[in-house]
Amino acid sequence: MGIGILCSGGDAAGMNPAIRYFVDKCISKGEEPYFIYSGFEGMIDGKIKRATHKDVSGILYKGGTIIKSSRSKRFLEKKYREQAYEQLKKHGIEKLVVLGGNGSFKGLKVFHDEFGVKFIGIPATIDNDIYATEYCLGVDTALNVIRMSLDYIRDTASSFRRAFVIEIMGRECGYLALVSALTSGAEVCVIPELGYNLNNLRIRLEKEIKEGRDYILAIVAEGTGATNEIAEWLKNDLHMDTRITILGHIQRGGNPTVYDRLMGYEFVEHGLEALLSGKVEEGVVVFRKGEFFIESIDYVASHQYKIKDELLKLAGKLTGVYV
Ligand code: F6P
C-alpha cells in the first residue's frame, strides 16, 4: 500500500531525520513510501515520487527538508483538494504522514472527512505552539541556533556598553523567546503570555547599572510586536546606546541536534505504528512526560497551547511583572 509523506508550513530541523526513518521503516514493513514534494501544493500538482533508500542516504544531518514545504492557500478550496485526492489515487496512496503545525493538521482533517484518506500528523514547528504535546520537532535546534546567536551578540554588547533588543520568532507563542532569555542570561524578556512592566524593569535595571552593569540583552517575542517600543525605552529611559537585531529565518536553519534527530525517528515510529495498525484513522503524535501518544486532530486543534506555569514563573523577574 502507498504511504505518502509531506511537510507543510514552516520547515523545522528534524524533518530530514523523520523523512529518512519514514522511508526505512516503510520499506522494512513491505509498504511503499512516497515523497509528496512542496506540501499540499505539490499534492495538488502531482509532485509525487516513489521513495527509495538512496533518496534518504546522507540527509540525516541536514537542516530544512529535502522534500520541501509550502503554505498552501489552494488547499483551502474544495476543487483543489479534489485534485489532490485524484493525484494520490493515481499513485495508490491511501495514507499520509504530515510534518507540520496546527493549520496543516486542520486542513488534513477536512481532507480526511471528505475523501477518507487516513493520516498521522507529526508536530514540527520551531514555535512549539501545538496543544497536547510538550515538544515539536525542530525546537531544540532552533533554541541552540538562538543561543549561539545571543552568545555572539553578548560579546559585542559587552564590548561597547550597549543594549540590544533581539526579536525572536514564535508567532503568538513566547516559548522560544522565554527559554532563550533564560538560557542566555538575558536581562529582559517580553513575551505575549506574561506582558511586561517597564516601570518595574526600569527600577531594577537602574539599580544594576549603578552597581556596574554596562550592557543589556532584551529578548522580545515577535508576537508581542513590542520590539521598537522596548528599544525606544532603553534609549530614552535608561539612556543606553541601543541596537535592534531581528534574528529572523536564521532561527529555522541549522543541522538538527542529536535530540531532534532522535525525536524525528521516534515521532515517525509511533505515527507509522498507529497508521499501519489500522486502528487509527486520523491523529497527531504527541509527546508528554517522556511518552508518546496519539490524540485526535479535533482535540489538538481545538485547544490552545500554554507554556507551563513553572517556566513562566522563572522568567517573571525579566518581564517586570513579578518583582
Ligand atoms: O511557524 C514558524 C515561523 O518561523 C514563525 O516563527 C514565523 O512567524 C513564521 O514561521 C515565518 O513565516 P515565513 O517563513 O512564511 O515568513
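This one's a predicted model, so the numbers in the text were calculated from it and none came from an experiment.

Novice: What's the story with the environment of Tyr61 in this structure? I'm lost.
Specialist: Along the chain, Tyr61 turns up in the loop between helix 3 (53–56) and helix 4 (78–90). Each C-alpha atom, one on Tyr61 and one on Val258, is 9.2 Å from the other, the two residues being 197 residues apart in sequence. With sequence-adjacent residues up to four places away left out, Tyr61 is seen in contact with Asn255, Pro256 and Arg261.

Novice: What is the right way to look at the site of the ligand in this model?
Specialist: In the vicinity of the ligand, the contacting residues are Arg71, Thr125, Ile126, Asp127, Met169, Gly170, Arg171, Glu222, His249 and Arg252. A distance of 3.1 Å is found between an oxygen atom of the ligand and a backbone nitrogen or oxygen belonging to Gly170. Between the ligand and the protein, one listed contact pairs an oxygen atom with a side-chain N or O atom of Arg171 at 3.4 Å. At a threshold of 2 Å from the grid points, most atoms of the ligand map onto the largest pocket. Tallied by class, residues from the shell around the ligand come to two nonpolar, three polar and five charged.

Novice: How should the nonpolar core be read in this particular structure?
Specialist: Met43, Leu96 and Phe111 are the most contacted members of the largest nonpolar core, which totals 95 residues. Domain assignment of the residues forming this core places at least three in each of domain 1 (2–138 + 256–301) and domain 2 (140–253). In this structure, Ala163, Val220, Leu234 and Leu238 belong to the second largest nonpolar core, which totals 17 residues.

Novice: Would you explain the pattern of salt bridges in this entry?
Specialist: Pairing is possible between side chains of opposite charge, provided their charged atoms come close. Considering all chains together, one arrives at 26 salt bridges under this definition. A salt bridge links Lys89 to Glu86; the nearest nitrogen and oxygen atoms lie 3.6 Å apart. Of this pair, Lys89 and Glu86 both sit in helix 4, three residues apart, roughly one helical turn. On the basis of relative accessibility, which here comes to 43%, the residue Glu86 falls in the partly exposed class. Where Lys109 meets Asp113, a salt bridge forms, and the shortest distance between an N and an O atom there is 2.9 Å. Of the two residues, Lys109 and Asp113 are both situated in helix 5 (residues 102–115); the distance of four residues between them amounts to about one turn of the helix.

Conventions used here
Residues numbered from 1 in each chain as written. Predicted model: local features only at pLDDT ≥ 70, side-chain atom pairs only at ≥ 80, totals over all residues. Heavy atoms only, no water. Helix = DSSP H or I, 4+ residues; strand = E, 2+ residues; numbered from the N terminus. Contact = heavy atoms within 4.5 Å. Near = heavy atom within 4 Å. Polar contact = N/O pair within 3.5 Å; in protein donor to acceptor, adjacent residues only side chain to side chain. 1 Å grid on protein atoms, 1.4 Å probe; cavity = no way out; pocket = protein on both sides within 12 Å on 5 of 7 lines; lining within 4 Å. Sits in = over half its atoms within 2 Å of the grid points. Nonpolar A, V, L, I, M, F, W, Y, C, P; charged D, E, K, R; others polar. Core = buried A, V, L, I, M, F, W, Y, C linked by side-chain atoms within 4.5 Å. Buried < 20%, exposed > 50% of the residue type's maximum accessible area, 1.4 Å probe, protein only. Domains from an automatic or database assignment. Salt bridge = Lys/Arg side-chain N within 4 Å of Asp/Glu carboxyl O.

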